[in-house]
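Close look at the chain arrangement
Below, each chain spelled out in residue letters.
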Amino acid sequence: MSEKSSTSGSDEDVEPESAQPVEFGGVLSKWTNYIHGWQDRWVVLKNNALSYYKSEDEREYGCRGSLCLNKAVITPHEFDECRFDISVNDSVWYLRAEDPEHRLQWIESIEVHKAESGYGSESSLRRHGSMLSLTSAASSFSATSASSFKKGHRLCEKLAEMETFRDILCRQVDTLQKYFDSCADAVSKDEFHRDRVEEDDDDFPATSRPDGDCCYNNNGSKEKLFSPASPKGINGIDFKGEAITFKATTAGILSTLSHCIELMVKREDSWQKRLEKELEKRRHVEGAYKSAMHELKKKSHYGGPDYEEGPNSLINEDEFFDAVDAALDRQDKIEEQSEKVRIPRLTPVPPGDVYSSISTHRFATKVEEMVQNHMTYSLQDVGGDANWQLVIEEGEMKVYRREVEENGIVLDPLKATHAVKGVTGHELCHYFWDTAVRMDWETTIENFNVVETLSDNAVIVYQTHKRVWPASQRDVLYLSAIRKILATNENDPDTWLVCNFSVDHENAAPSNRCVRAKINVAMICQTLVSPPEGDKEISRDNILCKITYVANVNPGGWAPASVLRAVAKREYPKFLKRFTSYVQDKTSGKPILF
């Protein structure tokens, strides 16, 4: 991840309008579609927009998509700690970080860009020089309230009167304050002069002051003489007039306030009714909006990650089954078209001696153990075991199943028996094992490669199977060995075996893209020959191959049990018929190889 800042210098040099959030970029996994799933993309957060590129090196070619974050909704996933979704109207990006810490870092960065770059944010207010005041706050109410105040002329007039009374009252308070200050000064001066007169009386007789400042009363006492206050008060202020005016002003204010309260009380009921109507309308609109968005998301993003296989999938079991069934039908149609243009490969079948020897590679002991187990148990008759259930019977083909579940995962063993005319067990096992012709008859594989060749009759193969949405894509890593089983007596039929079982290899480690399945599969083919009439040579009409196919598969993942059983019941018979028909076509008209 990287961060780039477009600003430089100290904070004092940067103007408020030039402050922008820093650019933020890094690798995130983005959900593309149900075929390709999660893909790594280079994502850049800049200028209140989130853009993505296929890689960092391709930025110069332009982004592949962009979202404006003004109205974006960021939703951290409830269960996946690395995932978060960004939605703008009906457009949704599903994103995954490499760990929860990076997810938190991305979410915080996106929120910062929204807060700092969005219209009406603090920075945008600074850029536009907006000053919040009581007037602007009042004007930011809804248009309905503004129009209502325009209609309420009486209330506006009363508010104007209140403004006038406020100005008058302020002037009167100033005048009275000046008067009170003057009175305080006069009292201070009077006390000062009184103190001086008393000091002078102690030193001189009263009769020595003929200036009128001191005189005797009728009862012979001495008192200080002061001039009476002016009728206009101190500094020419008419205190009585000002008091009357102040009283009238306050009375006017109280009257106007009472009138305003009365008007508000009268209009309260009307406003309350209108509010209730608006709230009811809002509830209806919100309900309709939620329903519409739910349906839109269900239709537009039905292939999104929330609907794929998993413990928290939004798709129910019936919908899951229908989706898988429809996907398999589409694959069948594609396969029918591709079979018309498929060019068969010409691969010679090696002699049996190549496959009869026991190898000495590091898995040799495990291979011998698997071969012996299959020869011992796989050929046993299922008739005496009540746990086996016959699920398919089509001509010579019979498919049995035994229901087994472990920790909620279906582990049903499957066993199929079939009889095919005109081919030998050697030929059937060769084409089943040979990776050179695998794609000619196997239609469920997307790609595969040989990870390691252990010997002439054993290889390690990695293959991915085609995605069947909403199920997750599966991959398998297994060892495949072919073996000719040596006969213990002359009456034993010619027997061949191919066993495929899961192994681990450092060059094919599990990945998050696919669910790793575990398999233990065996195909045992026994060739039965009926004697030809007279001296005729053995032809393919005299050959019958008895096939026993067993499969123990742990699919992993979270697919519903009913879906897995239904898919197995549908696909295994198709696989056997498709494979045996392919071998019959390949060997028709060619020499018999035992």
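Description of the structure in this document. Nothing here was measured: the structure is a model prediction, and the numbers come from that model.

The rules we used
Residues numbered from 1 in each chain as written. Predicted model: local features only at pLDDT ≥ 70, side-chain atom pairs only at ≥ 80, totals over all residues. Heavy atoms only, no water. Buried < 20%, exposed > 50% of the residue type's maximum accessible area, 1.4 Å probe, protein only. Helix = DSSP H or I, 4+ residues; strand = E, 2+ residues; numbered from the N terminus. Pairing = 2+ DSSP bridges. 1 Å grid on protein atoms, 1.4 Å probe; cavity = no way out; pocket = protein on both sides within 12 Å on 5 of 7 lines; lining within 4 Å. Points joined across faces, edges and corners; volume = space filled by probe spheres on them. Nonpolar A, V, L, I, M, F, W, Y, C, P; charged D, E, K, R; others polar. Phe/Tyr/Trp six-rings, centres within 6.5 Å; stacked < 30°, edge-to-face > 60°. Lys NZ or Arg CZ within 6 Å of the ring centre and 35° of its normal. Polar contact = N/O pair within 3.5 Å; in protein donor to acceptor, adjacent residues only side chain to side chain. Core = buried A, V, L, I, M, F, W, Y, C linked by side-chain atoms within 4.5 Å. Contact = heavy atoms within 4.5 Å. Lys, Arg positive; Asp, Glu negative; His and termini not counted. Salt bridge = Lys/Arg side-chain N within 4 Å of Asp/Glu carboxyl O. Expected span 1.5 Å × (residues − 1). Arc of directions from axis to C-beta. Axes fitted to C-alpha atoms, helices over the stretch in contact; angles between N-to-C directions. Parallel < 35°, antiparallel > 145°, perpendicular 65-115°, else oblique. Left-handed = near helix turned anticlockwise from the far one by under 90°.

Description of the pairing of strand S18 (residues 474-485)
Regular strands have side chains that alternate between both faces of the sheet. Of all 12 residues in S18, 11 are buried; the element is thus mostly enclosed. Looking at chain direction, S18 and strand S20 (residues 515-516) are connected through two bridges and run parallel. Directly across from Arg-474, in S20, lies its bridge partner Val-515. Two strands pair when backbone bridges link them, and S18 and strand S19 (residues 494-502) are joined in this way by eight bridges, in the antiparallel orientation. In the sheet register, Tyr-478 faces S19, and the bridge partner there is Ser-502.

So, empty space enclosed by the protein
On inspection of all chains with the given rule, the structure shows two cavities of 30 Å³ or more. Taken as a whole, the largest cavity holds about 1200 Å³ of empty space. Broken down by secondary-structure element, the contributors of at least two residues to the lining of the largest cavity are helix H7 (317-341), helix H11 (438-441), strand S17 (458-465), S18, strand S21 (518-529), strand S22 (543-554) and helix H12 (561-587). Among the elements that line the lining of the largest cavity, the one with the most residues is H12, at nine residues. Looking at the lining of the largest cavity residue by residue, the classes come out as 26 nonpolar, seven polar and nine charged.

Here we look at the packing of aromatic side chains
Applying the stated criterion to the full structure yields 13 aromatic pairs. When the centroid spacing of 6.0 Å and the interplanar angle of 90° are considered together, the rings of Tyr-431 and Tyr-582 count as edge-to-face. Residue Tyr-431 is located in helix H10 (residues 425-433), and its partner Tyr-582 is located in helix H12; the two are separated by 151 residues in the primary sequence. Just as Tyr-431 is buried, Tyr-582 falls in that class too. Joined through ring pairs, the aromatic side chains of Phe-432, Trp-441, Tyr-549, Tyr-572, Phe-575 and Phe-579 make up one cluster. Over the ring of Trp-38 we find Arg-96, and its NZ or CZ is 5.8 Å from the ring centre. Just above the ring of Phe-448 sits the side chain of Arg-438; from NZ or CZ to the centre is 5.9 Å.

Observations concerning the side chain of Asn-457
Examined against the element boundaries, Asn-457 turns out to sit in the loop between strand S16 (445-455) and S17. Within the local environment of Asn-457, its side chain forms a polar contact with the side chain of Ser-455, the two groups lying 2.7 Å apart.

A few points about H10
For H10, the buried fraction is high: nine of the nine residues fall into the buried class. For H10, the complete set of buried residues consists of Gly-425, His-426, Glu-427, Leu-428, Cys-429, His-430, Tyr-431, Phe-432 and Trp-433.

Description of the layout of surface pockets
As a volume, the largest pocket reaches approximately 880 Å³. Listing elements by their share of the lining of the largest pocket, those giving two or more residues are strand S2 (23-33) and strand S3 (37-46). Sorting elements by how many residues they give to the lining of the largest pocket places S3 first, with four residues.

Overview of the nonpolar core
Counting residues in hydrophobic clusters, the biggest one holds 38 residues, and the most contacted among them are Leu-428, Phe-432, Met-523, Tyr-549, Phe-575 and Phe-579. The element that contributes the greatest number of residues to this core is H12, accounting for seven residues. Look past the residues within four positions of Leu-428 in its chain and what remains in contact with it is Val-423, Cys-525, Cys-545, Ile-547, Phe-579, Thr-580 and Val-583.

Observations regarding unusual backbone geometry
If you check the backbone angles, Asn-47 has positive phi at about 50° while not being a glycine. Tracing the sequence through the fold places Asn-47 in the loop between S3 and strand S4 (49-53). Of note in the backbone geometry, Asn-48 takes a positive phi value of approximately 60° without being a glycine. Position of Asn-48 among the secondary structure elements: in the loop between S3 and S4.

Topic: the environment of Leu-414
Looking at where Leu-414 falls in the secondary structure, it is placed in strand S15 (residues 414-421). Taking the relative accessible area as the measure of exposure, Leu-414 reaches 10% and is therefore buried. A C-alpha to C-alpha distance of 5.8 Å links Leu-414 and Tyr-400, two positions 14 residues apart in sequence.

Some remarks on the pairing of S21
Where S19 meets S21, eight bridges bridge the pair, whose relative direction is antiparallel. Paired with Cys-499 across the bridge in S21 is Ala-522.

Topic: the side chain of Arg-103
Mapped onto the secondary structure, Arg-103 falls in helix H1 (residues 100-117). Among buried Asp, Glu, Lys and Arg side chains, Arg-103 stands out as unpaired, with Asp-80 the closest opposite charge at 6.2 Å. Beyond its immediate stretch of four places on either side in the chain, Arg-103 contacts Pro-76, His-77, Asp-80, Glu-81, Cys-82, Arg-83, Phe-84 and Ala-97.

Examining helix H9 (residues 364-378)
Given a rise of 1.5 Å per residue, 15 residues ought to cover 21 Å, and the 20 Å separating the end C-alpha atoms of H9 matches this to within 8%. The set of residues buried in H9 consists of Ala-364, Val-367, Glu-368, Met-370, Val-371, His-374 and Ser-378. Projected down its long axis, H9 shows its buried positions confined to an angular sector of 165°, all on one face. Opposite its buried face, H9 presents the exposed residues Thr-365 and Tyr-377, each directed more than 90 degrees away. Elements in contact with the buried residues of H9: S15, S18, S19, S21 and S22.

Re the packing of H10 against H12
Running from N to C, H10 and H12 point in directions that differ by 115°, and their axes come no closer than 10 Å. In terms of their interaxial angle, H10 and H12 are classed as roughly perpendicular. Classified by chirality, the crossing of H12 by H10 is right-handed. Along the contact surface, H10 presents Glu-427, Leu-428, Tyr-431 and Phe-432, while H12 presents Phe-575, Phe-579, Thr-580, Tyr-582, Val-583, Lys-586 and Thr-587.

Digging into the pattern of salt bridges
Overall, the coordinates contain 21 salt bridges when judged by the stated rule. For Glu-394, the salt bridge identified is with Lys-577, shortest N-O distance 3.0 Å. In this pair, Glu-394 sits in strand S11 (residues 389-394) while Lys-577 sits in helix H12, placing the two residues 183 residues apart along the sequence. Residue Arg-578 is joined to Glu-442 by a salt bridge in which the shortest nitrogen-to-oxygen separation is 3.9 Å.

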